[in-house]
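Listed below, chain by chain, are the residues.
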Amino acid sequence: MTLCIGMGFLAHVLLRTAVGRPGSVRPALWVTSAVFVVFFALDPIERRLGLG
């Protein structure tokens with residue numbers, strides 16, 4: 001469920017930015033989306049470093 005929520009946040013921010021309306025995204029959503037980017041990137045990074 002967390003993955004779906006995270007993908008929804010990222011999709012919302014990316015779509016708003018793509019259509020030229022990044023100012024309509026609230027700062028808290030930018031921060032939350034950045035946290036989800038880190039969350040989604042951790043597993044591939046750990047696998048490449050042999051930590052996972």
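Please read all numbers here as calculations on a predicted model, not as lab measurements.

> Even after reading the chapter, I still don't get the overall build of the protein chain, so can you show me in this structure?
Scanning the protein chain from N- to C-terminus turns up 2 helices and 0 strands. A compact globule built from 52 residues would reach a C-alpha radius of gyration of about 10 Å, whereas the protein chain, at 13 Å, exceeds it by more than 25%. The principal-axis extent of the C-alpha atoms belonging to the protein chain is close to 40 × 20 × 15 Å. Residue burial in the protein chain is summarised as follows: out of 52 residues, 13% are buried. About 4200 Å² of surface is accessible on the protein chain, with carbon and sulfur atoms providing 71% of the total.

> What is the right way to read helix α2 (residues 27-49) from this model?
Quick reminder: α-helices carry 3.6 residues per turn. Residues three or four places apart thus point the same way. Taking 1.5 Å per residue, 23 residues should reach 33 Å; α2 reaches 32 Å between its end C-alpha atoms and fits that length. Of all the bends in α2, the greatest reaches close to 35° and is centred on L42; the proline P44 follows between one and four positions later. For α2, every residue scored as buried is listed here: L29, S33 and F36. Two residues or fewer past α2, G50 is found with a positive phi of approximately 75°.

> Where do I start with a nonpolar patch on the surface in this structure?
A cluster of nonpolar residues, M1, I5 and F9, forms a patch on the protein surface that exposes about 340 Å² of accessible area. Along the polypeptide, I5 turns up in helix α1 (residues 2-18).

Basis of the calculations
Residues numbered from 1 in each chain as written. Predicted model: local features only at pLDDT ≥ 70, side-chain atom pairs only at ≥ 80, totals over all residues. Heavy atoms only, no water. Helix = DSSP H or I, 4+ residues; strand = E, 2+ residues; numbered from the N terminus. Rg over C-alpha atoms; globule rule 2.2 N^0.38 Å. Buried < 20%, exposed > 50% of the residue type's maximum accessible area, 1.4 Å probe, protein only. Areas by Shrake-Rupley, 256 points an atom, 1.4 Å probe, with all protein chains shown as cover. Expected span 1.5 Å × (residues − 1). Bend = angle between axes of the 7 residues up to and from the residue. Patch = residues over 30% accessible without salt bridge, like charges linked within 9 Å, V, L, I, M, F, W, Y side chains within 5 Å. Salt bridge = Lys/Arg side-chain N within 4 Å of Asp/Glu carboxyl O.

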